[in-house]
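# Chains, contacts and geometry: an overview
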Amino acid sequence: MIAEIKSLEFPNPNIISINGIELEVFEAGKENIGNPIVFCHGFPEHAFSWRYQIPALAKAGYHVIVPNQRGYGNSSCPKDVTAYDITHLTSDLVALLNYYNYKDAVFVGHDWGANVVWNLALLHPERVNKIINLALPYQERGKKPWIELMEAFFGDDFYFVHFNKKPGVADAVLENQTENFLRNLFRKNVPLAPPEPGMLMINLAKAVKPLGDPIMNDDDLSVFVKAFNNSGFNGAINWYRNLDRNWHLLADINPIIKQPTLMIYGNLDMIPKFERLQDFIPNLDVISLDCGHHIQQELPQETNQSILKWLAEFNS
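What you see is a predicted model; the values in this text were computed from it and never measured.

A word on the overall build of the chain. Looking only at helices and strands, one finds 14 helices and 10 strands in the chain. Taking 20 Å as the expected radius of gyration for a compact globule of 316 residues, we find that the chain reaches 18 Å, a close match to that expectation. The C-alpha extent of the chain, read off along each of the three principal axes, is 50 × 45 × 40 Å. For the chain, the residues scored as buried account for 54% of the 316 residues in total. Taking as baseline every contact in the chain between residues at least 6 positions apart, the subset at least 24 positions apart corresponds to 73%. Of the roughly 14400 Å² of accessible surface on the chain, a fraction of 52% belongs to carbon and sulfur atoms.

Here you go:
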């Protein structure tokens, strides 16, 4: 049974069957058929993370389509780890466009969703009209697989590496401490401090007192908590367990993205900016907002204004 989301402007979902799975999809602006924009959430998130953008973009004339991607919410959670590789994740978005009879769309991604959008533009460039990505810049492929590289730089406790080297361990901890983990993660104004020993995500799940300030109220947080109580974390974490597989799958792909692109950074985000971004994305605009990682939830109005202003420049 689909849990009802309590929000005045957040749409009710549809469950649609595409690409061999079911996706939970939220829509707004159906009267704007023919002008699609697709929002892709990150980890550990939910389509609800775009709650502030959905009504603004629908009002601006867009058919807004916001899936819970595979492994999240009431969407399918396949058991096979390789079902979460970049081929499957991008194929889901292509199938979503086919479902609505769209040739292409504007794609907006945050965090892991941004990674999927970057790679959608590489693997299926004809299906991407424009790109707006938040927080996570384009990832250069490099000479070594990503997890191997991260292990060499950051060690076994780095959460990307831990997810891969110790399958099931973090999944169980997060599922036993779901509310505490999400409450401690979705924060802003967190004081800068050296990282604690151990694995970041497990530390957050076990921390007694959250740092900084919450970025959402208890009602909004409960949407995320209920969703992960339902789905668990294994499917979402399996996205990380395909990073080296993705590295191999992208070996022969042209790494240059030609679509008009807006990159939105948070100046207080721990993820570093990529200074060579324009080498891979020549048609690029960059904006930095004074916030942390959860840009669209921390500064929703500024995010909406940035997106709408940039899109309007192409429609004037």
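Here the narrative resumes.
Attention now goes to the state of the cysteines. Following the criterion strictly, the structure yields zero disulfides and no others. With no disulfide partner, Cys40 has as its closest neighbouring cysteine sulfur the one in Cys77, 17 Å distant. Residue Cys40 is classed as buried on the basis of its relative accessible area, which comes to 0%. Here Cys291 stays free of any disulfide, with the sulfur of Cys40 as its closest cysteine sulfur at 19 Å.

Glancing now at the pattern of salt bridges. Within the structure shown, the criterion is met by 10 salt bridges. Among the salt bridges present, the one from Asp220 reaches Arg51, with a minimum N-O distance of 3.2 Å. Residue Asp220 is located in helix H9 (residues 218-231), and its partner Arg51 is located in the loop between strand E3 (36-40) and helix H1 (53-59); the two are separated by 169 residues in the primary sequence. For Asp220, a relative accessible area of 13% puts it in the buried group.

Listed under "domain: AB hydrolase-1" (unreviewed entry) in the UniProt record, and renumbered for this structure, are residues 35-296. For residues 35-296, the helix share is 40%, the strand share is 15%, and the end-to-end C-alpha distance is 21 Å.

All of the buried residues along helix H7 (residues 178-185) are Thr178, Phe181, Leu182, Asn184 and Leu185. Buried residues of H7, seen end-on, are gathered within an arc of 165 degrees and therefore sit on one face of the element. Along its buried surface, H7 packs onto helix H6 (169-176), strand E7 (187-188), helix H8 (200-206) and H9.

Once that is clear, we can look at the packing of aromatic side chains. Within the structure shown, the criterion is met by 28 aromatic pairs. Considering the side-chain rings of Phe39 and Trp50, the 4.9 Å spacing of their centres and the 50 degrees angle between planes classify their relative orientation as tilted. Of this pair, Phe39 sits in strand E3 while Trp50 sits in the loop between E3 and H1, placing them 11 residues apart in sequence. The ring of Trp247 carries Arg141 above its face, with NZ or CZ at 3.8 Å from the centroid.

A cluster of nonpolar side chains, Leu149, Phe153 and Phe154, forms an exposed patch at the surface whose accessible area comes to about 360 Å². Residue position: Phe154 is located in helix H4 (residues 146-154).

Another point: the packing of helix H2 (residues 86-99) against helix H3 (residues 112-123). Their axes nearest at 9 Å, the elements H2 and H3 cross at an angle of 80 degrees. In this view, H2 runs roughly perpendicular relative to H3, as classed from their interaxial angle. Between H2 and H3, the contacting residues are Ile86, Leu89, Thr90, Leu93 and Val94 on the first element and Asn115, Val116, Asn119, Leu120 and Leu123 on the second.

Parameters at a glance
Residues numbered from 1 in each chain as written. Predicted model: local features only at pLDDT ≥ 70, side-chain atom pairs only at ≥ 80, totals over all residues. Heavy atoms only, no water. Helix = DSSP H or I, 4+ residues; strand = E, 2+ residues; numbered from the N terminus. Rg over C-alpha atoms; globule rule 2.2 N^0.38 Å. Buried < 20%, exposed > 50% of the residue type's maximum accessible area, 1.4 Å probe, protein only. Contact = heavy atoms within 4.5 Å. Areas by Shrake-Rupley, 256 points an atom, 1.4 Å probe, with all protein chains shown as cover. Disulfide = S-S within 2.5 Å. Salt bridge = Lys/Arg side-chain N within 4 Å of Asp/Glu carboxyl O. UniProt positions renumbered as here; feature names shortened; annotations may be inferred. Arc of directions from axis to C-beta. Phe/Tyr/Trp six-rings, centres within 6.5 Å; stacked < 30°, edge-to-face > 60°. Lys NZ or Arg CZ within 6 Å of the ring centre and 35° of its normal. Patch = residues over 30% accessible without salt bridge, like charges linked within 9 Å, V, L, I, M, F, W, Y side chains within 5 Å. Axes fitted to C-alpha atoms, helices over the stretch in contact; angles between N-to-C directions. Parallel < 35°, antiparallel > 145°, perpendicular 65-115°, else oblique.

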